[in-house]
Amino acid sequence: MKWMLVVLVGGVSPNNTDLVFDKFTDCLAAEEQMRQHYADAFDAWDRMAAARIDRRRDYKKARDAEAKRLLSNLGTCVPHGGGDQQPVTAPQQ
């Protein structure tokens, strides 16, 4: 069975990545790498924002919004037929 990495934007809207893996563990490793990329992007933004935003209240609001935007994206591995399986048809009555 093949596995495809799907990103849930905002934790809800599924987006196909077209990344297909032969092994489930490879798909999980790609999901972990994606999650780390989002965390690194948030950390870089946070360092920049802390230096630029003067008022603590403004910084906290901006940080919360950016965390929601970047860190609410989730990856998941789903089975992928890849066209090598027969399509499922409804039973005839």
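Cut-offs used in this document
Residues numbered from 1 in each chain as written. Predicted model: local features only at pLDDT ≥ 70, side-chain atom pairs only at ≥ 80, totals over all residues. Heavy atoms only, no water. Helix = DSSP H or I, 4+ residues; strand = E, 2+ residues; numbered from the N terminus. Buried < 20%, exposed > 50% of the residue type's maximum accessible area, 1.4 Å probe, protein only. Phe/Tyr/Trp six-rings, centres within 6.5 Å; stacked < 30°, edge-to-face > 60°. Salt bridge = Lys/Arg side-chain N within 4 Å of Asp/Glu carboxyl O. Contact = heavy atoms within 4.5 Å.

Engineer: Any chance you could break down the environment of V78 for me, citing the residues and the numbers?
Structural biologist: Along the polypeptide, V78 turns up in strand β3 (residues 74-80). V78 sits in the partly exposed class, given a relative accessible area of 26%. The spacing of V78 and W3 is 75 residues in sequence and 5.5 Å in space, taken between C-alpha atoms.

Engineer: Provide a residue-level description of the packing of aromatic side chains, including the pertinent values.
Structural biologist: Per the stated rule, a full pass over the model turns up two aromatic pairs. Relative to F24, the ring of W3 has its centre 4.6 Å away and its plane inclined at 55°; by these criteria the two rings are tilted. On the criterion of sequence distance, the pair formed by W3 in strand β1 (residues 2-9) and F24 in helix α1 (residues 24-52) is long-range, its members being 21 residues apart. With relative accessibility at 36%, the residue F24 sits in the partly exposed group. A centroid spacing of 6.2 Å and a plane angle of 25° characterise the contact between F42 and W45, whose relative ring orientation is stacked.

Engineer: Summarise the pattern of salt bridges; cite the residues concerned and give the values.
Structural biologist: Between side chains of opposite charge, a pair can form as their charged atoms come close. As enumerated under the stated definition, the model contains seven salt bridges in all. The partner of K2 in a salt bridge is D22, and the shortest N-O contact between them spans 2.7 Å. In this pair, K2 sits in strand β1 while D22 sits in the loop between β2 (13-21) and α1, placing the two residues 20 residues apart along the sequence. Note on K2: relative accessible area 34%, which makes it partly exposed. With a relative accessible area of 55%, D22 lands in the exposed category. A salt bridge links R63 to D46; its shortest N-O distance comes to 3.1 Å. Here R63 is found in helix α2 (residues 56-71), whereas its partner D46 is found in helix α1, with 17 residues between them in sequence. Among the charged side chains, a network of salt bridges with common partners joins E31, E32 and R35.

Engineer: Talk me through the side chain of D46; I want residue IDs and the actual numbers.
Structural biologist: For D46, a relative accessible area of 15% corresponds to the buried category. Contacts of D46, omitting those with residues within four sequence positions, involve Y59 and R63.

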